[in-house]
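# Residue-level structural notes
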Amino acid sequence: MKKKPLVGIVMGSASDWETMQQAAKQLADFGVPFEAKALSAHRTPVELEAWIKKLAKDGARCFIAGAGGAAHLAGVIAAQTTLPVLGVPVPSKYLQGLDSLLSIVQMPKGIPVATFAIGEAGAANAALFAVAMLALGDAKLAARLQAFRKKQADAVKSVRLPV
Ligand code: RP5
């Protein structure tokens, strides 16, 4: 039987997938069950609300929300659940994602959204942050995260500069 998603990945448009697939890939690499959906805060608000409620009821532990432009998706999700919401600013056509970043990061006091870097690094890091949160109650996942960090450290230490 398919495992219930621990993380909900949502993006405002299918055009965000190019960026948000990095979050999906990272979670898959760690074996964390997730569900990824394109649902928009302004185009499909009713469906978005129903999906948030369903995932939360089924045991999801956090949401990763990626959107571009006037990116209110993460804030709208945070308004509807007390589960942690991790926001990923998606690069936009005219302002290269600075608009997305400011929209997500500038949540008014009281309803927080954790905000990550613009683009692919932000999507991957949001997933790694979700893994770190889940690892607090999962020793096997914590060991996998440690190994992932060690691999990166080893890669830096093995560099030989041509001098
Ligand atoms: C936002 O508008 C989406 O998150 C996307 O980044 C942006 C553009 O959407 P499309 O016009 O490509 O559907 O809602």
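Rules of the game
- Residues numbered from 1 in each chain as written.
- Predicted model: local features only at pLDDT ≥ 70, side-chain atom pairs only at ≥ 80, totals over all residues.
- Heavy atoms only, no water.
- Core = buried A, V, L, I, M, F, W, Y, C linked by side-chain atoms within 4.5 Å.
- Buried < 20%, exposed > 50% of the residue type's maximum accessible area, 1.4 Å probe, protein only.
- Helix = DSSP H or I, 4+ residues; strand = E, 2+ residues; numbered from the N terminus.
- Contact = heavy atoms within 4.5 Å.
- Pairing = 2+ DSSP bridges.
- Right-handed = clockwise from strand over helix to strand, strands pointing away.

Let us now look at the nonpolar core. Grouped together as the largest cluster of nonpolar side chains are 25 residues, with contacts concentrated most on Val 7, Ile 9, Met 20, Leu 27, Val 32 and Ile 64. Looking at this core, the elements with two or more residues in it are strand S1 (7-11), helix H1 (17-29), strand S3 (62-67), strand S4 (85-89), helix H5 (120-135) and helix H6 (139-157). Setting aside chain neighbours within four positions, we find Met 20 in contact with Ile 9, Val 10, Met 11, Ile 64, Ala 65, Gly 66, Val 88, Val 90 and Ala 123.

We now examine the pairing of S3. A large share of S3 lies buried, amounting to 6 of its 6 residues. Strand direction decides the pairing type here: S1 and S3, joined by 5 bridges, are parallel. Its bridge partner being in S3, Met 11 is matched across the sheet by Gly 66. Pairing analysis gives 5 bridges linking S3 to S4, with the strands arranged parallel. Directly across from Ala 65, in S4, lies its bridge partner Gly 87. Chirality of the crossover, the property in question, places the unit of S3, helix H3 (residues 73-78) and S4 among those that are right-handed.

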